[in-house]
Number of protein chains: 2
Amino acid sequence: MAGKERGLEELFVETLKDIYYAEKQILRSLPKMAKAATTEALRDAFMKHRDETEMQIERLERVFETMGKAARGKSCQAILGIVEESQEVMEDFKGSAALDAGILASAQAVEHYEISRYGTLVTWANQLGMKDAGKLLSQTLEEEKKTDVLLSRLAEQAVNRQAA
Amino acid sequence: MAGKERGLEELFVETLKDIYYAEKQILRSLPKMAKAATTEALRDAFMKHRDETEMQIERLERVFETMGKAARGKSCQAILGIVEESQEVMEDFKGSAALDAGILASAQAVEHYEISRYGTLVTWANQLGMKDAGKLLSQTLEEEKKTDVLLSRLAEQAVNRQAA
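Bear in mind the structure is a predicted one, so any value in this text is a computation, not a measurement.

Participant: Can you explain the overall build of chain A? Please cite residues and give values.
Facilitator: When you go through chain A residue by residue, the secondary structure sums to five helices and zero strands. For chain A, the sequential pattern of α-helices and β-strands runs α-α-α-α-α. Considering only C-alpha atoms, chain A reaches an extent of 60 × 25 × 20 Å along its principal axes. Summarising the internal contacts of chain A: among those between residues at least 6 apart in sequence, 80% fall at separations of at least 24. If you sum the accessible surface of chain A, you get close to 7300 Å²; carbon and sulfur atoms cover 49% of it. Taking the average place of the 23 positive charges on the side chains of chain A and the average place of its 28 negative ones, the gap between the two points comes to 3 Å.

Participant: Can you explain the layout of surface pockets? Please cite residues and give values.
Facilitator: Of the voids in this model, the largest pocket is the one considered here, and its volume is about 340 Å³. Forming the boundary of the largest pocket are 18 residues, of which Ile115(A), Gly119(A), His112(B), Asp148(B) and Ser152(B) lie nearest the centre. Only helix H4 (99–127) and helix H5 (131–163) of chain A together with helix H4 (99–127) and helix H5 (131–163) of chain B provide two or more residues apiece to the lining of the largest pocket. Top element by residues in the lining of the largest pocket is H4(A). It accounts for seven residues. The calculated volume of the second largest pocket comes to roughly 260 Å³. Lining the second largest pocket we find 17 residues, and of these Gln108(A), Ser152(A), Gly119(B), Thr120(B) and Thr123(B) sit closest to its centre. When residues of the lining of the second largest pocket are traced back to their parent elements, those giving at least two are H4 and H5 of chain A together with H4 and H5 of chain B. With six residues, the top contributor of residues to the lining of the second largest pocket is H4(B).

Participant: Talk me through the interface of chain A and chain B; I want residue IDs and the actual numbers.
Facilitator: Contact residues are listed per partner, giving 46 residues for chain A and 46 residues for chain B. Of the roughly 3400 Å² buried where chain A meets chain B, counting both sides, 59% is carbon and sulfur surface. Close ionic contact of Arg117(B) with Glu85(A) constitutes a salt bridge, the shortest N to O distance being 3.0 Å. Our count for the chain A to chain B interface comes out at nine residue pairs in polar contact (both at pLDDT 80 or more). Mapped onto the side of chain A that touches chain B, the elements with two or more residues apiece are helix H1 (8–36), helix H3 (77–92), H4 and H5 of chain A. Per-element tally for the side of chain A that touches chain B: the top contributor is H4(A), with 15 residues. Class assignment for the residues of the side of chain A that touches chain B results in 17 nonpolar, 16 polar and 13 charged.

Participant: Provide a residue-level description of the relation of the copies chain A and chain B, including the pertinent values.
Facilitator: Turning chain A through 180° and shifting it by 0.0 Å along the axis lays it on chain B, with an RMSD of 0.0 Å. Within this description, the copies of the chain are treated as partners about a two-fold rotation axis. Looking at the interface residues of chain A, 100% of them are also at the interface in chain B, so both copies use one shared face.

Participant: How would you summarise the confidence of the model for chain A if you had to cite specific residues and measurements?
Facilitator: Per-residue confidence for chain A gives a mean pLDDT of 93; residues scoring 70 or more make up 95%. With a pTM of 0.94, the predicted complex shows an ipTM of 0.92.

Participant: Report on the side chain of Asp18(B), specifying residues and quantitative values.
Facilitator: Summarising the element assignment, Asp18(B) is placed in helix H1 (residues 8–36). On the basis of relative accessible area, Asp18(B) is assigned to the buried category, the value being 5%. Asp18(B) has contacts with Glu85(A), Lys74(B), Cys76(B), Tyr113(B) and Arg117(B), leaving out every residue within four places of it along the chain.

Criteria and cut-off values
- Residues numbered from 1 in each chain as written.
- Chains lettered and ligands numbered in written order.
- Predicted model: local features only at pLDDT ≥ 70, side-chain atom pairs only at ≥ 80, totals over all residues.
- Heavy atoms only, no water.
- Helix = DSSP H or I, 4+ residues; strand = E, 2+ residues; numbered from the N terminus.
- Contact = heavy atoms within 4.5 Å.
- Areas by Shrake-Rupley, 256 points an atom, 1.4 Å probe, with all protein chains shown as cover.
- Lys, Arg positive; Asp, Glu negative; His and termini not counted.
- Charge placed at Lys NZ, Arg CZ, Asp CG, Glu CD.
- 1 Å grid on protein atoms, 1.4 Å probe; cavity = no way out; pocket = protein on both sides within 12 Å on 5 of 7 lines; lining within 4 Å.
- Points joined across faces, edges and corners; volume = space filled by probe spheres on them.
- Buried area = accessible area lost by both parts, 1.4 Å probe.
- Salt bridge = Lys/Arg side-chain N within 4 Å of Asp/Glu carboxyl O.
- Polar contact = N/O pair within 3.5 Å; in protein donor to acceptor, adjacent residues only side chain to side chain.
- Nonpolar A, V, L, I, M, F, W, Y, C, P; charged D, E, K, R; others polar.
- Least-squares fit on C-alpha atoms with pLDDT ≥ 70 in both.
- pLDDT = per-residue confidence, 0-100.
- Buried < 20%, exposed > 50% of the residue type's maximum accessible area, 1.4 Å probe, protein only.

Structure (structure tokens):
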């Protein structure tokens, strides 16, 4: 399709594919983060967010459905980069007292990527008059924001524990 | 250095190098985004943020200085991925009425990456008792949050304009 014919709806679909792919990568990386974490609280938080991520993927599939499209991902370099950095931290700081702080920082980078993408998609869904899609995407946006707040709190605790 | 000896201070320095590299990539990408944008308001916003980014790089250099270290970047896959996606959007939607919306979405992904990194660095600087560093990083964090709010407003306007 030539540039001129590509409108907001197509941009919406491209971004939907991007976050669909990203969520699947995140689903795979969360158990690894949980396994590497050194406290129960952190492991629980990651596994709970893993379950939430499954629900978020289902919601994205429903958004595709409202558009009469099959759910399809599209390779997303941004999330691949963020996940790669998180693996680096887990390797480099294995056994270090700062490991949990490092994992949490990576997890927050992931959350912020998602918050920006879902924020954008909600704006566009509303503009396109896609009520049901907008609602589904808003639900996930609110969950991601809550997760970010929880991770911030765990991050404070992790650095305080290291200092103790 | 083996894992066990690597503590929070080293994690802080690694993350500082990551965002220092990221800011330099952003400094190069903002004029490209400004050039691609189709409205004066958007071009101005990107060029203003380019100037702000220069200041933010200087602040990072001062943080390195407070630690008696030379400022050095470290390749950051996350920002490279985000910038690559923004270039893709600029190519794919060139000439489209949705181009500005796409550029703005990319810019917000950049802002959110920065917000997560600076948020983390501020927490760690405070924990490490690095008062001056914490202050410098907080200043930038506040600027990035303000930029994100401004971009959200411009994004609403861009999609409304397309609909008009």
